[in-house]
Amino acid sequence: MDSLRTTLTGGTACDVCGRLPHPRRLRLTLAKLVAVAPAELALHAVVLAAHPPYLVSVAVLASVTTALVIWVIEPSAMRLLRSWLHAPTVRPRQGAETLWRIRVTLDDRAGSLERLTHRLAELEANILGLHVHPIADGVRDELVVSTPDSVGAGDLEAVVEAGGGRAVHVWPTTALALVDGQTKALSLSARVVADPAELPHAVAELLGAQLVTDRATLAAQLPGDVLKVPSPWTGLFAFNRPGEPFTPAESARAHRLAELAEAALSLAPASR
């Protein structure tokens, strides 16, 4: 699916929402002028050469031009010029940085996080966000860091492990990861209240997990990699995150969302 999206959008679509960046006004204006001007000139030339009555000329020019622009010329031009319209502004890459999300298990004792931050500083990594989840054998920390473009995932994994980290996962992310957890949870809660059917999608987005619909897939997962959440409709929703067990705090958040969906569903008939 990702390769298909890249092919269709020229690789400019957002990795998170899949949408193309909005074209800048000047480019959009130029594209419309290039598309419409030749058709306008040709149509005017044909009408003037035929010498129809004045009102007929006005009616033909207005109706035909409008139809051509809306249904044929403008959509075709937008498709042909898509890569140019939605291309990002080229700027000098001075001090370009990459955003990464890191999940790591640390010992729950003083100095563990400090040692990790010192190791990250060796790569000039700047910590932009941090969430701590208590677990049975320590704490599961989730960090969002920015690094110079020359730093890769392997470099980050190496320094995190050298800093005492265990079960390290590193992957590239976007600026959307910088939305704090409370704001994200509130936004998803509002979404669930407005439409309780959004519950499974909201939980998946909140936890960075996948909704499991195949029982065979569910049976193959390790117990810690699966989270079951009560469903107001089907009894249970199951979510998996292979190699990344859910923390008690994450489980609690998912269950609160389920309770919210059930309450919104029960109040819906009364509000009608």
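So, on to the sheet that holds strand β5 (residues 210-212). Strand order in the open sheet formed by 3 strands is β5-β7-β6, and the pairing between neighbours is antiparallel. A single partner strand is all that each edge strand has here, and the edge strands are β5 and β6 (226-231). Direction aside, neighbouring strands of the sheet carry axes that sit 40° apart on average. For β6 and strand β7 (residues 235-240), the ladder comprises 6 bridges, and the chain directions are antiparallel. The residue bridging Pro230 from the neighbouring strand is Leu236, located in β7. Strand contacts of helix α8 (residues 199-207): β5, β6 and β7, with the helix running at about 30° to β7, the strand carrying the most contacts.

Our next topic: unusual backbone geometry. Most peptide bonds take the trans configuration, and most residues that are not glycine carry a negative phi. Non-glycine residue Glu124 carries a positive phi angle of around 60°. Relative to the helices and strands, Glu124 resides in the loop between α5 (112-121) and β2 (126-135). The exposure class assigned to Glu124 is exposed, which follows from its relative accessible area of 61%. Of note in this structure, Ala167 is not a glycine but carries a positive phi near 50°.

Time to look at the pattern of salt bridges. In a structure, side chains of opposite charge can pair up when their charged atoms sit close to one another. Summed over the entire model, instances satisfying the criterion amount to 8 salt bridges. Here Arg103 makes a salt bridge to Glu142, at a shortest N to O gap of 3.1 Å. Taken together, the residues Arg103 in strand β1 (residues 97-106) and Glu142 in strand β3 (residues 138-148) connect sequence positions 39 residues apart. The pair formed by Arg103 and Glu142 is uniform in burial state, with each residue classed as buried. For Arg256, the salt bridge identified is with Glu259, shortest N-O distance 2.8 Å. Here the residue Arg256 and the residue Glu259 both occupy positions in helix α10 (residues 248-271), the gap between them amounting to 3 residues, near one helical turn.

With that settled, the discussion passes to the environment of Glu198. Within the secondary structure layout, Glu198 lies in the loop between α7 (181-194) and α8. A residue is classified by how much of its surface remains accessible, and Glu198, at 23% relative accessible area, is partly exposed. The spatial distance from the C-alpha of Glu198 to the C-alpha of Ala261 is 8.5 Å, given a sequence separation of 63 residues. Other than its neighbours up to four places away in sequence, Glu198 contacts Arg191 and Val192. A distance of 3.0 Å separates the side chain of Glu198 from the side chain of Arg191, its partner in a polar contact.

The set of residues buried in helix α6 (residues 153-162) consists of Leu156, Val159 and Val160. Each buried residue of α6 lies within a common arc of 100° when the element is viewed along its axis, so the set occupies one face. Its buried side turned inward, α6 meets β1, α5, β3 and β4 (166-172).

Reading guide: rules and limits
- Residues numbered from 1 in each chain as written.
- Predicted model: local features only at pLDDT ≥ 70, side-chain atom pairs only at ≥ 80, totals over all residues.
- Heavy atoms only, no water.
- Pairing = 2+ DSSP bridges.
- Helix = DSSP H or I, 4+ residues; strand = E, 2+ residues; numbered from the N terminus.
- Axes fitted to C-alpha atoms, helices over the stretch in contact; angles between N-to-C directions.
- Contact = heavy atoms within 4.5 Å.
- Buried < 20%, exposed > 50% of the residue type's maximum accessible area, 1.4 Å probe, protein only.
- Salt bridge = Lys/Arg side-chain N within 4 Å of Asp/Glu carboxyl O.
- Polar contact = N/O pair within 3.5 Å; in protein donor to acceptor, adjacent residues only side chain to side chain.
- Arc of directions from axis to C-beta.

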